[in-house]
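A closer look at the structure
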Amino acid sequence: MAVTTPADPAGPDAPATGQRSGATPPASARRRAGGGARHWRWPAVVPFFAFMAVCFGLPACTLAYNAFTVVDPATGADHYSLENVHRSLSGAYATGLAGSVELSLLSAVLATVLGTVIGQALLSSRNGALRKAAVSASGVFANFSGAPLAFAFIATLGTTGTVTRLLHLKSTGFSLYTFTGLVLAYLYFMVPLMVVTVLPALDGVRTQWREAAASCGATKAQFWRHVGLPVLMPSLLGGAVLMFGTAFASHATAAVMTGSSVPLITIQIANALSGNVLVGQENLALAMSLNMVVIALLVMAVQIPLQRRSNRWLG
């Protein structure tokens, strides 16, 4: 009897022997597919880079160019020189730059400590409604700065302010229009900003770490000293750097509250831009602005690695 074999169900388009229809394609095919996807994906970011070039690159290049340009008062001709940069780093302008750095450092340290303590207290609270209300209020207060904040502090803690009269602060020698008053005003919006910034990092400290430390006999203080703070340190340092940058760039609050009584680089730049300079020093404000840009770039260079390390630990 003849033996018939079943017809081969595989057509001409069927995969070769030993290959399944659901098998993973070769690595070369995957690389070609991924390369094609990337090739069609990069044009989507062209508008973003164009926006950055026009709105940030062009002003930055113009700033750097004019900062090294000096105008001859006699002929009106321009020539390249380091005179503007030298003047911006000497005399009263150096004092203003040092004052801004000192104010920013002190405000950043205080805001980092207070914001971290308040953030941990909010996470430890069992009252969910209180925690949500405090977080929402922190988001609002973090954006309340500038001239409105200065007027609010003047009405509250100024020479004839409500709190000043009720607590007789004038007899103690307290004055809002000083370096200390500026620190208090800056902390009003920097502490809530630090709370919003540090809350995700504090929430990333896993409960299992605390339980493991407790099972080994460690107290809460020992846990925070040997586990919690070392893990949170990149986030805390990154938050401190962010607070420094925020305080360093603030202008309206100090300008309304103290004017020129407290030497700050931002106020000196505003005075120079308004024409309060000698003839031939028109670009001095741009040189001072260039100094601020350099410090801001240094701040970013410190913050970005700290943020990446924090995400690696707490992500």
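Okay, so let's go over this structure.

Conventions we followed
- Residues numbered from 1 in each chain as written.
- Predicted model: local features only at pLDDT ≥ 70, side-chain atom pairs only at ≥ 80, totals over all residues.
- Heavy atoms only, no water.
- Helix = DSSP H or I, 4+ residues; strand = E, 2+ residues; numbered from the N terminus.
- Buried < 20%, exposed > 50% of the residue type's maximum accessible area, 1.4 Å probe, protein only.
- Contact = heavy atoms within 4.5 Å.
- Areas by Shrake-Rupley, 256 points an atom, 1.4 Å probe, with all protein chains shown as cover.
- Core = buried A, V, L, I, M, F, W, Y, C linked by side-chain atoms within 4.5 Å.
- Salt bridge = Lys/Arg side-chain N within 4 Å of Asp/Glu carboxyl O.
- Phe/Tyr/Trp six-rings, centres within 6.5 Å; stacked < 30°, edge-to-face > 60°.
- Patch = residues over 30% accessible without salt bridge, like charges linked within 9 Å, V, L, I, M, F, W, Y side chains within 5 Å.
- Expected span 1.5 Å × (residues − 1).
- Bend = angle between axes of the 7 residues up to and from the residue.

So, about the overall build of the protein chain. Across its full length, the protein chain holds 13 helices and 2 strands. Counting over 315 residues, the protein chain shows a buried share of 31%. Contacts in the protein chain between residues at least 24 apart in sequence constitute 70% of all its contacts with a sequence separation of at least 6. Accessible surface, the protein chain as shown: approximately 19,300 Å² in total, 66% of it carbon and sulfur.

Attention shifts here to the nonpolar core. Core analysis: the biggest nonpolar cluster contains 46 residues, and Leu-182 and Tyr-186 have the highest contact counts within it. For this core, the leading source of residues is helix α8 (residues 179-203), giving 12 residues. Setting aside its immediate chain neighbours within four residues, Leu-182 contacts Leu-103, Leu-176, Ala-254, Met-257, Thr-258, Val-262 and Leu-264. In terms of nonpolar packing, the next biggest core, distinct from the first, is built from 6 residues, Ala-67, Val-85, Leu-286 and Ala-287 among them.

This brings us to the pattern of salt bridges. A full pass over the atoms with the stated rule returns 1 salt bridge. Across the pair Glu-83 and Arg-87 runs a salt bridge whose closest N-O atoms are separated by 2.3 Å. In this pair, Glu-83 and Arg-87 are both assigned in helix α3 (residues 83-88), 4 residues apart and thus about one turn of the helix distant. Classification of Arg-87 by relative accessible area gives partly exposed; the value is 25%.

The next thing to look at is the packing of aromatic side chains. Per the stated rule, a full pass over the model turns up 9 aromatic pairs. Note on Phe-48 and Phe-49: the rings are 5.5 Å apart at their centroids and 70° apart in plane angle, and the pair reads as edge-to-face. Arranged with centres 5.8 Å apart and planes meeting at 50°, the rings of Phe-141 and Tyr-188 form a pair that is tilted. Residue Phe-141 is located in helix α5 (residues 128-141), and its partner Tyr-188 is located in helix α8; the two are separated by 47 residues in the primary sequence. Within the aromatic cluster, the residues linked to one another by ring pairs are Phe-141, Phe-144, Phe-153 and Tyr-188.

Even without a glycine there, the phi angle at His-168 is positive, about 55°. Checked against the element boundaries, His-168 lands in the loop between α7 (162-166) and α8.

Here the focus is the side chain of Ser-138. Topologically, Ser-138 is positioned in helix α5. Assessed through its relative accessible area of 9%, Ser-138 is described here as buried. Contact partners of Ser-138, with chain neighbours within four places excluded, come to Pro-192, Val-195 and Val-196.

There is a patch of nonpolar side chains on the surface, built from Trp-42, Val-45, Val-46, Phe-48, Phe-49, Phe-51, Met-52 and Phe-56 and spanning about 830 Å² of accessible area. Looking at the element boundaries, Val-46 is found in helix α2 (residues 46-67). Given the relative accessible area of 41%, Val-46 is considered partly exposed.

Locating Thr-258 in the fold gives a position in the loop between α11 (252-257) and α12 (265-273). Judged by its relative accessible area of 8%, Thr-258 is buried. Residue contacts for Thr-258: discarding those within four places in its chain leaves Tyr-177, Thr-178, Leu-182 and Ile-267.

With 30 residues, helix α10 (residues 220-249) should cover 44 Å at 1.5 Å per step; its first-to-last C-alpha distance of 38 Å lies more than 12% under that length. Largest kink in α10: about 50°, centred on Met-233, with the proline Pro-234 one to four residues after it.

So yeah, pure geometry; function would need other evidence.
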